[in-house]
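# Residue-level structural notes
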Amino acid sequence: QVQLVESGGGLVQAGGSLRPSCAASGRTFSAHTMGWFRQAPGKEREFVAGLRSSASNPDYADSVKGRFTISRDNAKNTLYLQMNSLDPEDKDVYYCAAVLDRCAQLVRKEEYDYWGQGTQVTVTS
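Remember, it's a predicted structure, so these values are computed and weren't measured experimentally. (Residues numbered from 1 in each chain as written. Predicted model: local features only at pLDDT ≥ 70, side-chain atom pairs only at ≥ 80, totals over all residues. Heavy atoms only, no water.)

Mapped onto the elements of the fold, Asp-90 is located in the loop between β8 (78–83) and β9 (92–99). In contact with Asp-90, other than residues within four places in its own chain, are Arg-38, Arg-67, Phe-68, Ser-85, Val-121 and Val-123. (Helix = DSSP H or I, 4+ residues; strand = E, 2+ residues; numbered from the N terminus. Contact = heavy atoms within 4.5 Å.)

Put into structure tokens, the structure is as follows:
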């Protein structure tokens, strides 16, 4: 069982940066594949970024490539999402997710077993 708690969302002007984090409970965080997703009201939850336990070969949605960076600190049981050059289109609730499967498809939300409660990101123009 893994519990995930996001923090670090907020309000920022276009072009600014935020760094949400996701704190995980349990002793097996380092073995989990992790992902960030986002969701706007009335829309499907969509993939943003994913990272395997090895922290190699992260994957990103095309819309955030070059602007967002996913990383993890296994010693702190924490996942991060560095978001730069934010655009009003990035306004959403951001969720972190975890699955104990090294072969999980990073982009598919159905692959993940554990979800946080979300953190709101708002970008003003």
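The next thing to look at is the packing of aromatic side chains. Tallying each qualifying case throughout the model produces four aromatic pairs. Taken together, a centroid distance of 5.7 Å and an interplanar angle of 75° make the contact between Phe-37 and Phe-47 edge-to-face. Placement of Phe-37 in strand β4 (residues 33–39) and of Phe-47 in strand β5 (residues 46–51) is noted, with a sequence separation of ten residues between them. Comparing Phe-37 with Phe-47, the two get one shared label, buried. (Phe/Tyr/Trp six-rings, centres within 6.5 Å; stacked < 30°, edge-to-face > 60°. Buried < 20%, exposed > 50% of the residue type's maximum accessible area, 1.4 Å probe, protein only.)

The subject of this paragraph is the nonpolar core. With 33 residues, the main nonpolar core has Trp-36 and Leu-81 as its most contacted residues. Contributions of two or more residues to this core are made by β3 (21–24), β4, β5, β7 (68–73), β8, β9 and β11 (119–124). Considering every element that reaches this core, the biggest residue donor is β9, with five residues. (Core = buried A, V, L, I, M, F, W, Y, C linked by side-chain atoms within 4.5 Å.)

Only one face of β11 is buried, namely the one carrying Thr-119, Val-121 and Val-123, since none of Gln-120, Thr-122 and Thr-124 on the opposite face is buried. As paired elements, strand β2 (residues 10–13) and β11 share four bridges and run parallel to each other. Along β11, the bridge assignment pairs Leu-11 with Thr-122. Alignment of β9 against β11, held across three bridges, turns out to be antiparallel. Among the inter-strand pairings, Asp-92 is bridged to a residue of β11, identified as Val-121. (Pairing = 2+ DSSP bridges.)

The values are spatial; any link to function lies outside them.
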